[in-house]
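Coordinates in review
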Amino acid sequence: MARGGAPTGKWQAAGHLTKGDEPGDPRQAGAKLIVKRPGLPEVEILLEKPEFYIGRQTADVDLTLDDDLVSRKHARISVDARGYFRVDDLESRNGITYAGRTVRRLNLHDGDSFLIGKTELVFHGNLDRFKKGAEPLPRKDSVASDFSVPIPEAEVSVSEEPASPLTGGAAARGTPDE
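Rules of the game
Starting afresh in each chain, residues are numbered from 1 along the sequence in its written order. Given that the model is predicted, a residue must reach a pLDDT of at least 70 before its local features are reported, and side-chain atom pairs must reach 80 or more before they are shown or counted; all residues, however, enter totals for whole chains, interfaces and linings. By convention in this description, side-chain values take in all heavy atoms of the structure and omit both hydrogens and water. In what follows, salt bridge is the name for a side-chain nitrogen of Lys or Arg lying within 4 Å of a carboxyl oxygen of Asp or Glu. Each helix corresponds to a stretch of at least 4 residues labelled H or I by DSSP, and each strand to a stretch of at least 2 residues labelled E; elements are numbered beginning at the N terminus. Here the term buried applies to any residue with accessible area under 20% of the maximum for its type, exposed to any over 50%, and partly exposed to those in between, with areas from a 1.4 Å probe on protein chains only. Contact criterion: two residues are considered in contact whenever any of their non-hydrogen atoms come within 4.5 Å of each other. Nonpolar core, defined: a set of buried Ala, Val, Leu, Ile, Met, Phe, Trp, Tyr and Cys residues in which side-chain atoms within 4.5 Å join the residues together.

**Considering the pattern of salt bridges**
- For the structure shown, the criterion picks out 6 salt bridges.
- Glu44 serves as the salt-bridge partner of Lys32, at 3.4 Å between the closest nitrogen and oxygen. Residue Lys32 is located in strand β2 (residues 32–36), and its partner Glu44 is located in strand β3 (residues 43–46); the two are separated by 12 residues in the primary sequence.
- Asp62 is the salt-bridge partner of Lys49, the closest N and O atoms lying 2.7 Å from each other. Here Lys49, found in the loop between β3 and β4 (51–55), pairs with Asp62, found in the loop between β4 and β5 (63–64); they are 13 residues apart in sequence, far enough to count as distant.
- Given a relative accessible area of 39%, Lys49 falls into the partly exposed group.
- One network of salt bridges, in which partners are shared, links Arg76, Arg86 and Asp88.

**Side note on the environment of Ala75**
- Mapped onto the elements, Ala75 comes out in strand β6 (residues 75–79).
- For the pair Ala75 and Arg105, spaced 30 residues apart in sequence, the C-alpha to C-alpha distance is 9.3 Å.
- Leaving out residues up to four positions away in the same chain, Ala75 has contacts with Phe52, Tyr53, Ile54, Val87, Asp88, Leu90, Ile96 and Ile116.

**Focus: unusual backbone geometry**
- Positive phi, normally seen in glycine, also occurs at Glu91, with a value near 60°.
- By relative accessible area, which is 77% here, Glu91 ends up exposed.
- The backbone of Ala99 sits at a positive phi, close to 55°, despite the residue not being glycine.
- For Ala99, the location among the structural elements is in the loop between β8 (96–98) and β9 (101–103).

**Regarding the nonpolar core**
- The biggest cluster of nonpolar side chains holds 23 residues, and the ones touching the most others in it are Leu33, Ile77, Phe114 and Ile116.
- Mapped by element, the contributors of at least two residues to this core are β2, β4, β6, β7 (85–89), β10 (105–108), β11 (113–116) and β12 (119–124).
- Looking at this core, the element that brings in the most residues is β6, giving 3 residues.
- For Leu33, the contacting residues outside a window of four places in its chain are Val43, Glu44, Ile45, Leu47, Phe52, Ile54, Ile77, Phe114, Leu121, Val122 and Phe123.

Rendered as structure tokens:
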């Protein structure tokens, strides 16, 4: 039996935070979730740490969803050192629904919407690498830019007569026997 109620979460107040504390800090992207429950007002939650857990067990997660379709520890939203966000299913029974199908993992982009149980979650983040005109930074771990590979000039010969696939020689030209 599904119970109603607003989503709750345990997180520290935003006043103690400074942007850019460490690489992969979700605060750099202004990452947040918009939580939409049927019949309840929308809730906006800032993602302020590298791993954010969603589930039904209040003591073990950051966002509690009071829904029988949600596992105790259902999903994790994480950000890596490069600033890529993703949501992973934590072996729940009902998974995560994205675009009408159940997924176990989803790389998140600004505006992505997914379902956990009956709750729709919309991810928002200021992800500079997806803006038009943003140039990727050159990789420092690649050696390909350190040297050039010469391309040898290929010798090309053209024969006047095409080779016959049956004899390997020149194809006979002419008219059929009369």
